Amino acid sequence: MKAAASTSVGRSERVSRYVSEQLLNMHPAYFAMSMATGIVSIACFLLGLRVLFPLLFWINVFAYALIWIAMIARVVVHPKAFLSDWTSHQRGPGYFTSVAATCVLGSQFVLFRHEPGIGFALWGFGLFLWAVCTYTVFVALSIREEKPSLADGINGGWLIAVVATQAVCVLGCQVLPDRLGNRDAALFLLTSFWLCGGMLYIWMISLIFYRYTFFRFSPSDLMPPYWINMGAVAISTLAGTALLGATGDSPLAASLRPFVRGFTMLFWATATWWIPMLLVLGIWRHGVKRVPFSYNPLYWGLVFPFGMYSVCTYRLGQTLELPFLTWLARGFVIVAISAWVLTFFGLLARFLYLFLLAARALSRPSVASSGPAVMHPAVLVQASANSSSSGGPS
Amino acid sequence: MKINPSATVQQVDMWIPLEKIERAQAVAPVESRAQQAESMQRRGRKMVIAGFVITIAGVVAYCAATFAGGMNVDMGDLLFRNADPFALSTLGILGIGTLSWLVGSLTYLRGAMDADEESSQDAK
């Protein structure tokens, strides 16, 4: 009886230790999964893939809730790690993914479920998170005494701050003008957000481009968040089209219309310019330098830009009445879904591994205790769950 | 069957320590388990790669069918009203690919865990 009790205690200890380790290493940018799933779902909806978008919507609702639970558990169990990430140049900007994920989910509720109330609530929550992240992460990074060099500190993940700002603008255009009562005030606020996002992009991309071209660049530096270079301007394009669509008869918006149209085109052209560049760099990293693919939560940061490019191109085609852009949007939605499937399989493989490990621990406690490090074939399993070690490119 | 008497005598005289026999008997099944684990990994890897390829082919076929036909049917129409048999078959391909990936992953992971256990036991 005593032996059985001690075995049971040993198992539960192992499980709690494992969960605690996972929470300790959890990357703040994990909300990128929700962002990516949400935007691919919206792309499917807009382009008529009616079988896929409800499926992705419910996966996103589940993932969003699960990630929040994990994040809150992390705050409770490992408050030091949570705060240390907050002041980290490499991991801190990852918290902005929570803003973007909230706003993307809000857009899904408005588009798919016709629930502007839920959309508005999520917009309010997203705005709150945006304010908290913007005025704590950047302040913490500014006042930190020990700072890394530019080459070590900056990475594509910083542009998530731009994505978050523009996501607030996009959802706001869907829910705010009708709710606020004063359309001009709503559009003034949302246009300010859009411009702030554009300004942040110009600041950050200058530093990133400088880091690309004037510092040593190894294959390990080119992590998936670098695709946000493109994703951030793609969402800026989408925000521009959303503003153009929300203007109505507002005199303020009417006067700004040509300016917004011009800048929206500029953002789209910049996003398009990045695609071949990032593809060539990706070929150099994986094809020439032979860096293997392995699952990492940061890969969600690669799926999101593909989905966003598809959505923004489709919306731009509608706004500027250029139907040929729909073909480009269709091509990119296929790429986005494929990238989503591959990344999702990687995540699923990690859960399968955990499931098998737990099953073995229960049947043969002594054997599974060491936790063998198994690598999945071809792509996408990093069984040792070392998401923390990849805190963005150094 | 003829027996060479001298050889028989030699074999009888030869003394083999009992521990050596036991060790030889113990090693044989371990080797076969290791081989089994390796073959599971090989099989699993093939199924995973096939699963990836089939799933992506299913995605591309489904999207192409939708875009080409201007199809605007949801899952309910496809499954219960057979609104578009071709789209349904592309979703079937997608499902087969996913299933192949799932089975392959489980096979591979089980094989890899078995192999890992074997190597850790050998190390002990």
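Quick caveat, the model's predicted, so the values are computed rather than measured. (Residues numbered from 1 in each chain as written. Chains lettered and ligands numbered in written order. Predicted model: local features only at pLDDT ≥ 70, side-chain atom pairs only at ≥ 80, totals over all residues.)

Q: Explain the overall build of chain B here, please?
A: Counting its secondary structure elements, chain B contains 4 helices and 0 strands. Each helix and strand of chain B, placed in order from N terminus to C terminus, yields the pattern α-α-α-α. (Helix = DSSP H or I, 4+ residues; strand = E, 2+ residues; numbered from the N terminus.)

Q: Sorry, what's going on with the overall build of chain A here?
A: The helix and strand inventory of chain A stands at 14 helices and 0 strands. Reading the helices (α) and strands (β) of chain A from amino to carboxyl end gives α-α-α-α-α-α-α-α-α-α-α-α-α-α. A fraction of 82% describes how many contacts in chain A between residues 6 or more apart in sequence connect residues 24 or more apart. (Contact = placed C-beta atoms within 7 Å.)

Q: Would you mind going over the nonpolar core with me for this structure?
A: One broad trend across soluble globular proteins is that nonpolar side chains are buried collectively. Residues and elements named next belong to chain A. By size, the foremost hydrophobic cluster in this structure holds 133 residues, and its most contacted members are Ala100, Val163, Ala164, Ala167 and Val303. No other element matches the 15 residues that helix H13 (residues 325–363) contributes to this core. Among residues more than four places away in sequence, those in contact with Val163 are Phe96, Ala100, Ile228, Gly231, Ala232 and Ile235. (Core = buried A, V, L, I, M, F, W, Y, C linked by C-beta atoms within 7 Å. Buried ≥ 20, exposed ≤ 12 C-beta atoms within 10 Å, placed from the backbone.)

Q: Before we go on, may I ask you to explain the confidence of the model for chain A in this structure?
A: It should be kept in mind that the predicted coordinates are not to be read in detail where pLDDT is low. Averaged over all residues, the pLDDT of chain A is 85; the fraction at 70 or higher stands at 88%. Contacts from residues 367–394 of chain A, a stretch scored under 50 in pLDDT, to residues over four places away or in other chains number 84 contacts. (pLDDT = per-residue confidence, 0-100.)

Q: Looking at this structure, how should I read the confidence of the model for chain B?
A: Residues and elements named next belong to chain B. The predicted model of chain B has a mean per-residue pLDDT of 76, with 60% of residues at 70 or higher. Looking at the elements of chain B, mean pLDDT is at its lowest for helix H1 (residues 5–13), recorded as 48, and at its highest for helix H4 (residues 85–123), recorded as 85. In this model, residues 7–13 is a region of pLDDT below 50 whose contacts with residues beyond four sequence positions or in other chains number 1 contact. Reported for the predicted complex are a pTM of 0.83 and an ipTM of 0.78.

Q: Explain helix H8 (residues 160–180) of chain A here, please?
A: Side chains that are three or four residues apart share a direction in an α-helix, a result of its 3.6 residues per turn. Residue and element names in this part refer to chain A. In the structure, H8 departs most strongly from a straight axis at Gly172, where the bend amounts to approximately 50 degrees. Taking burial as the measure, the 21 residues of H8 include 18 buried ones, the bulk of the element. Taken from the residues just after H8, Gly181 is the one with a positive phi, measuring 90 degrees. (Bend = angle between axes of the 7 residues up to and from the residue.)

Q: Please clarify how the packing of H8(A) against helix H9 (residues 183–214) of chain A should be interpreted in this entry.
A: Helix-helix packing is described using two parameters, namely the angle between the two axes and the distance between the axes. Residue and element names in this part refer to chain A. Remark: H8 packs on H9, axes separated minimally by 9 Å, with the N-to-C direction vectors making an angle of 170 degrees. Between H8 and H9, the crossing angle belongs to the class labelled roughly antiparallel. From H8, Ala161, Val162, Thr165, Gln166, Val168, Cys169, Gly172, Cys173, Leu176, Pro177 and Leu180 reach across to H9, where they touch Arg183, Ala185, Ala186, Leu187, Leu190, Phe193, Trp194, Cys196, Gly197, Leu200, Tyr201 and Met204. In terms of residue class, the contact of H8 with H9 is built from 18 nonpolar, 4 polar and 1 charged. (Axes fitted to C-alpha atoms, helices over the stretch in contact; angles between N-to-C directions. Parallel < 35°, antiparallel > 145°, perpendicular 65-115°, else oblique. Nonpolar A, V, L, I, M, F, W, Y, C, P; charged D, E, K, R; others polar.)

Q: Even after reading the chapter, I still don't get the packing of helix H12 (residues 300–319) of chain A against H13(A), so can you show me in this structure?
A: Residue and element names in this part refer to chain A. It is at 8 Å that the axes of H12 and H13 come closest, and there the two elements cross at 160 degrees. As judged from the angle between their axes, H12 and H13 are roughly antiparallel. Once H12 is placed against H13, the crossing between them reads as left-handed. Residues Trp300, Leu302, Val303, Phe306, Gly307, Tyr309, Ser310, Thr313, Tyr314, Leu316 and Gly317 of H12 form the contact with H13, whose participating residues are Leu325, Thr326, Leu328, Ala329, Phe332, Val333, Val335, Ala336, Ala339, Trp340 and Thr343. Residue classes in the contact of H12 with H13 are distributed as 16 nonpolar, 6 polar and no charged. (Left-handed = near helix turned anticlockwise from the far one by under 90°.)

Q: Quick question: what am I supposed to make of unusual backbone geometry here?
A: With the exception of glycine, the majority of residues adopt a negative phi angle, and the majority of peptide bonds are in the trans configuration. Residue and element names in this part refer to chain A. Here the phi dihedral of His114 falls at roughly 50 degrees; this positive angle occurs in a residue that is not glycine. With respect to the helices and strands, His114 occurs in the loop between helix H5 (97–113) and helix H6 (116–143). Even without glycine at this site, Arg290 takes up a positive phi of about 60 degrees. In this fold, Arg290 is placed in the loop between helix H11 (251–288) and H12. For Arg290, a count of 8 C-beta atoms within 10 Å translates into the label exposed.

Q: Sorry if this is basic, but what is going on with the environment of Phe53(A) here?
A: Residues and elements named next belong to chain A. Counting through the fold element by element, Phe53 comes out in helix H3 (residues 52–77). Residue classification places Phe53 among the buried residues on the basis of 22 C-beta atoms within 10 Å. For the pair formed by Phe53 and Gly262, sequence separation is 209 residues and the distance between their alpha carbons is 31 Å. In this structure, Phe53 is in contact with Ser41, Cys44, Phe45 and Phe112, ignoring residues within four places of it in sequence.

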